[in-house]
Amino acid sequence: MAFQLTPEREQQLPEILARYPTKMAACLPLLHLAQEQNGWVSDDVIAYVAERLELSAAHVFGVATFYSLYHTHPVGKHHVWVCRTLSCALNGADAIVAHCEERLGIHVGETTADGQVTLHTAECLASCGTAPMMQIDCEYHENLSPEKVDVLLDRLRQS
Amino acid sequence: MLQRTEHLTKRYGTKDGHTLERYLADGGYEQARRAMSMSREEIVNECKAANLRGRGGAGFPMGIKWSFMAPKVAPERPHYLVINADEGEPGTFKDRTLMEKDPHSTIEGCIIGCRAIGAHVAYIYVRDELHLAKDRLWGAIREAKEKGYLGAKPFGVDYPVEVYVHAGAGAYICGEETSLLNSLEGRRGEPRLKPPFPAQAGAFGMPTTVNNLESIATVPTVMRLGGENFSKMSALHPKEGGCRLYGVSGHVKTPGIFECAVGVTLRELIYDLGGGVKGGELLAVIPGGSSTPILRADELVNAPNEKDALHAWHGKSVLDVPMGVETFRGLGTMLGTCCATVLSTQACPVRAMHNLMRFYRVESCGQCTPCREGSGWLERLLDKIVAGTGTLDDLNRLSEVANSIMGNTICAFGEGTAMPALGFLKKFRPEFEEYIRTGGRSSTNRLELHAAAAE
Ligand SMILES: Cc1cc2nc3c(=O)[nH]c(=O)nc-3n(C[C@H](O)[C@H](O)[C@H](O)COP(=O)(O)O)c2cc1C
Ligand code: SF4
Ligand code: FES
């Protein structure tokens, strides 16, 4: 079935379009909105965004594949992003990544078998003063220790 | 002498620092109100007198940048103000604190900035990951709008101003200003060739000023104190004025963001503000984000010539030079974002370079061959060295690859990769050679501290 925004999300569209002098400029916000609903940017989502913004599907696909936060493949319900750049690495990020892999039973880039969690590494998330850190969905978790990570992941797998 | 200030961070410690009520209690929006009755030239002159150097990394004087905008706004060519809050430079985490803890100073800065450059719309480009920051900015916009500070008639003056937040989608390169503009326009975030510069053809092809978020959030303070008084706060007045946010992270005991008058030294930043090095002695420091070449703790200033701007520090430690755009250029590095990353003697410089070169390979937008391929080569050569199979020849190859990126790319990402690469190779040549000779056994071969030392 072709992709449609829910009525509540649909209502946000005129306000988004009103921010910009061109329709194209709504491409990133609309992709965010659609991905939030669909979980990932499927071909249907691309076709939908292209049609609503009067863009070619190739343009929208080009945009969706450029940015790391649009998923062009199905992903888990939740996302864990562990920062691995220098300030975090100096404070033990590699051990946090290894710990997450072991705890979730997957490698970076994979999704747990129950479809609950996808594990990613991230480049510097502007949280270097509270390293090591990770982002789970929309939230930052800072000054991590393996014990702290366990609590967070356990909670996540049950939600 | 370390001089802490509280112009930008006054509300950081309070729970409600992000609310309009608290901002107004501190005299908030008085400067935007005043700016509405000032001419463009008057505001720009105030900013010029402030000697405010852009806080985004390049340190361009803000007042001069504003003066590049056409004095007359043609109706079919609206002007735009674009705020850069992409904050992706490794080691940098200052703009995030402003957005989360005190978003109204940014909104007030946007109103004044729009007025100064003849714009009616400001876009704040925030990296998507910063969800709290985006929420706080939108919240502040809503509050300001309800009060009539934004909208059709800000403060009752017939000069419409709207501010919008535009979220990125995960790409470091979108911090580069022309890439950011493409991303704002709904395109892939690939940098554009310059010229034309944004002041001629920026957002949507229209005259545009791109300012870093801290630069804009500082504008209300400039207006309140007056440009000249603002500038005089700085130890480097009149070259670089005012106060700014300093950050320190890595192997320090009390990492964080601290506001001080311009001219703090690395020694003050690491030992007084950062609480000193944890897990050993100081090995080296990356002064202002990963693109700024690293400085060794044992380096001395070499400026024997009396005409040299750094002559006053000749023979002294590089840690004792006031941090400024020009002073740090003189040291062969850059001030960058003023957020330093500290490495203790337990950290292996080969591993540190490897970590950062991986970052650049991941984040290259891929448009220019020297950058796309070069960053890959740098990482792969380091993979080999770290695996213990590198040769001394690989060190020369690393330099060659870095040198072939320099000056051959569309945007400054290329230099931002090559300069720190060459910096590591030059400053740590003996360590790199030893590492290769011993297959890594000469080194701690790690970045994180040993558990016992981490305490
Ligand atoms: C690869 C690259 C990344 C950049 N990232 C940022 C950034 O995250 N934030 C920022 O303000 N400036 C960044 N800049 C600098 C901007 O291009 C631009 O100079 C700056 O936003 C101008 O603001 P200012 O004059 O107020 O400093 C980056 C530059 C390059 C080359
Ligand atoms: S230098 Fe690198 S990041 Fe910049 S445009 Fe070229 S390929 Fe892209
Ligand atoms: S290095 Fe991890 S948040 Fe900056």
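The residue numbering used here restarts from 1 in each chain and proceeds along that chain's sequence as written. Lettering of chains starts at A and numbering of ligands starts at 1, both following the order in which they are written. Only residues with pLDDT of at least 70 get local features here, since the model is predicted, and only at 80 or more are side-chain atom pairs given and counted; chain-wide, interface and lining totals rely on the full set of residues. Calculation of side-chain values draws on the structure's entire complement of heavy atoms; hydrogens and water are dropped beforehand.

## Considering the overall build of chain A
Looking only at helices and strands, one finds seven helices and four strands in chain A. Note on exposure labels: buried denotes an accessible area under 20% of the residue type's maximum, exposed denotes more than 50%, and partly exposed covers the range between, all computed with a 1.4 Å probe on protein chains only. By residue count, 55% of the 159 residues in chain A fall in the buried class. A sequence separation of at least 24 residues applies to 61% of the contacts in chain A between residues at least 6 apart. For chain A, the computed accessible surface area is about 7000 Å², with 52% contributed by carbon and sulfur atoms. Residues scored as positive are Lys and Arg, those scored as negative are Asp and Glu, and His as well as the terminal groups of each chain are ignored. Charge positions are represented by NZ for Lys, CZ for Arg, CG for Asp and CD for Glu. Charge separation in chain A, taken as the distance between the mean sites of 10 positive and 20 negative side-chain charges, equals 4 Å. Strands are runs of DSSP state E lasting at least two residues, helices are runs of H or I lasting at least four, and both sets are numbered from the N terminus onward. Contacts: residue pairs with any heavy atoms within 4.5 Å of one another. In these tables, accessible area is a Shrake-Rupley quantity obtained with a 1.4 Å probe, and a residue counts as shielded only by the protein chains included in the view.

## Section: the nonpolar core
Counting residues in each nonpolar core, the largest one holds 86 residues, and the members touching the most others are Leu31, Val49 and Tyr67 of chain A. With sequence-adjacent residues up to four places away left out, Leu31 of chain A is seen in contact with Val41, Val45, Val49, Val60, Val63, Ala64 and Tyr70 of chain A. In this description, a nonpolar core means a group of buried Ala, Val, Leu, Ile, Met, Phe, Trp, Tyr and Cys residues linked to one another through side-chain atoms lying within 4.5 Å. Counting 73 residues, the second-largest nonpolar core is a separate cluster that includes Tyr29, Ile83, Ile117 and Cys243 of chain B.

## As for a nonpolar patch on the surface
Residue and element names in this part refer to chain B. Only residues whose relative accessible area exceeds 30% and that form no salt bridge enter a patch; like-charged residues are grouped when within 9 Å of one another, and nonpolar side chains (Val, Leu, Ile, Met, Phe, Trp, Tyr) when within 5 Å. Whenever a carboxyl oxygen of Asp or Glu lies within 4 Å of a side-chain nitrogen of Lys or Arg, that contact is scored as a salt bridge. A surface patch of nonpolar side chains, about 270 Å² in accessible area, is lined by Phe60, Ile64 and Phe68. Summarising the element assignment, Phe60 is placed in the loop between α3 (40-50) and α4 (62-67). Assessed through its relative accessible area of 36%, Phe60 is described here as partly exposed.

## Section: the sheet that holds strand β8 (residues 295-296) of chain B
Neighbouring strands of a sheet are bound in pairs by backbone hydrogen bonds; such pairs are parallel or else antiparallel. Residues and elements named next belong to chain B. Strand pairing is defined by DSSP finding a minimum of two bridges between the two strands. Strand order across the open sheet formed by five strands is β6-β5-β9-β7-β8, with mixed pairing between neighbours. Each having just a single partner strand, β6 (256-261) and β8 make up the two edges of the open sheet. Relative to β6, strand β5 (residues 243-250) is paired through six bridges, and the arrangement is antiparallel. Its bridge partner lying in β6, Gly247 is registered against Ile257.

## So, the pairing of β5 of chain B
A large share of β5 of chain B lies buried, amounting to eight of its eight residues. Linking β5 of chain B to β6 of chain B, which pair antiparallel, is a turn of five residues.

## Topic: the site of ligand 1
Residues and elements named next belong to chain B. Around ligand 1, the surrounding shell holds 19 residues, and the nearest of these are Gly56, Lys65, Asn84, Asn212 and Ser215. In the environment of ligand 1, an oxygen atom lies 3.1 Å from a nitrogen or oxygen atom belonging to the backbone of Glu87. Nitrogen and oxygen atoms within 3.5 Å of one another constitute a polar contact, given that in protein one can donate a hydrogen and the other can accept it, and given that sequence-neighbouring residues count only through two side-chain atoms. Here Ser215 contributes a side-chain N or O atom positioned 2.7 Å from an oxygen atom of ligand 1. Protein chains bury 89% of the 620 Å² of accessible surface belonging to ligand 1 in isolation. Ranked by residues supplied to the shell around ligand 1, first place goes to strand β4 (residues 208-212) with three residues. Note on residue categories: nonpolar means Ala, Val, Leu, Ile, Met, Phe, Trp, Tyr, Cys or Pro, charged means Asp, Glu, Lys or Arg, and polar means any other residue, Gly included. In the shell around ligand 1, the residues fall into five nonpolar, eight polar and six charged. Put simply, a residue is near a molecule or strand once any heavy atom of it comes within 4 Å of that molecule or strand.

## Quick look at the interface of chain B and chain A
Listed by partner, the interface residues are 56 residues for chain B and 39 residues for chain A. A simple way to read buried area is as the amount of 1.4 Å-probe accessible surface that goes missing from two parts once joined, with both sides added. Summing both partners gives a buried area of about 3700 Å² for chain B against chain A, and 60% of it is carried by carbon and sulfur. The tally of links between chain B and chain A comes to one salt bridge. Among the salt bridges present, the one from Glu142 of chain A reaches Arg96 of chain B, with a minimum N-O distance of 3.1 Å. On inspection of chain B and its partner chain A, the count reaches 23 residue pairs in polar contact (both at pLDDT 80 or more). Of all the secondary-structure elements, those providing two or more residues to the side of chain B that touches chain A are α7 (131-146), β3 (162-167), α8 (177-184), β5, β9 (339-344) and α13 (349-363) of chain B. Examining the composition of the side of chain B that touches chain A, we find that seven residues originate from one element, α13 of chain B, more than from any other. Per-class residue counts for the side of chain B that touches chain A are 27 nonpolar, 15 polar and 14 charged.

## Observations concerning the domain arrangement of chain A
For interface size, the figure often reported is the accessible area lost on association. Taken domain by domain, chain A comprises domain 1 (7-66) and domain 2 (78-158). Taking only C-alpha atoms into account, the centre of domain 1 of chain A sits 29 Å from that of domain 2 of chain A. Domain extents, as shown, originate in an automatic or database domain assignment.

## Focus: the sheet that holds β3 of chain B
All names here are of chain B. In spatial order, the strands read β3-β2-β1-β4; together these four strands make up an open sheet with parallel pairing. At either end of the open sheet lies a strand with only one pairing partner, and these are β3 and β4. Looking at each pair of strands side by side, their axes are set apart by 20° on average, direction ignored. As paired elements, strand β1 (residues 79-85) and strand β2 (residues 119-126) share seven bridges and run parallel to each other. Of the residues in β2, the one forming a bridge with Ile83 is Ile124. Each axis is a line fitted through C-alpha atoms, and for a helix only the stretch in contact is used; angles between axes span 0 to 180 degrees, taken between their N-to-C directions.

## Re the site of ligand 2
Looking at ligand 2, there are 13 residues lining it, with Cys365, Cys368, Cys371, Thr409 and Cys411 of chain B nearest. When its residues are assigned to classes, the shell around ligand 2 shows eight nonpolar, five polar and no charged.

## Here we look at α3 of chain B
Residue and element names in this part refer to chain B. Taken as a whole, α3 has its buried residues at Arg40, Ile43, Val44, Cys47 and Ala50. Within α3, the buried residues cover an arc of 115° as seen down the axis, which keeps them to one side. On its buried side, α3 packs onto α2 (30-35), α4, β1, α6 (103-117), α9 (213-225) and α10 (227-232). At the exit of α3 stands Asn51, carrying a positive phi of roughly 50°. Our arc is simply the arc of the directions from the helix axis toward the C-beta atoms.

## So, the domain arrangement of chain B
Residues and elements named next belong to chain B. When cut into domains, chain B gives domain 1 (20-232), domain 2 (243-344) and domain 3 (349-454). Summarising the inter-unit geometry, the C-alpha centres of domain 1 and domain 3 are found 36 Å apart. Contact with domain 1, which involves 12 residues of that partner, is made by nine residues of domain 3. At the boundary of domain 1 with domain 3, total buried surface from both sides reaches about 830 Å², with 73% on carbon and sulfur atoms. On the domain 1 side of the interface with domain 3, the three residues burying the most area are Tyr172, Ile173 and Pro191, jointly 52% of the side's total. Our enumeration of links across domain 1 and domain 3 arrives at zero salt bridges. In this structure, the connection of domain 1 to domain 3 is made through two residue pairs in polar contact (both at pLDDT 80 or more).

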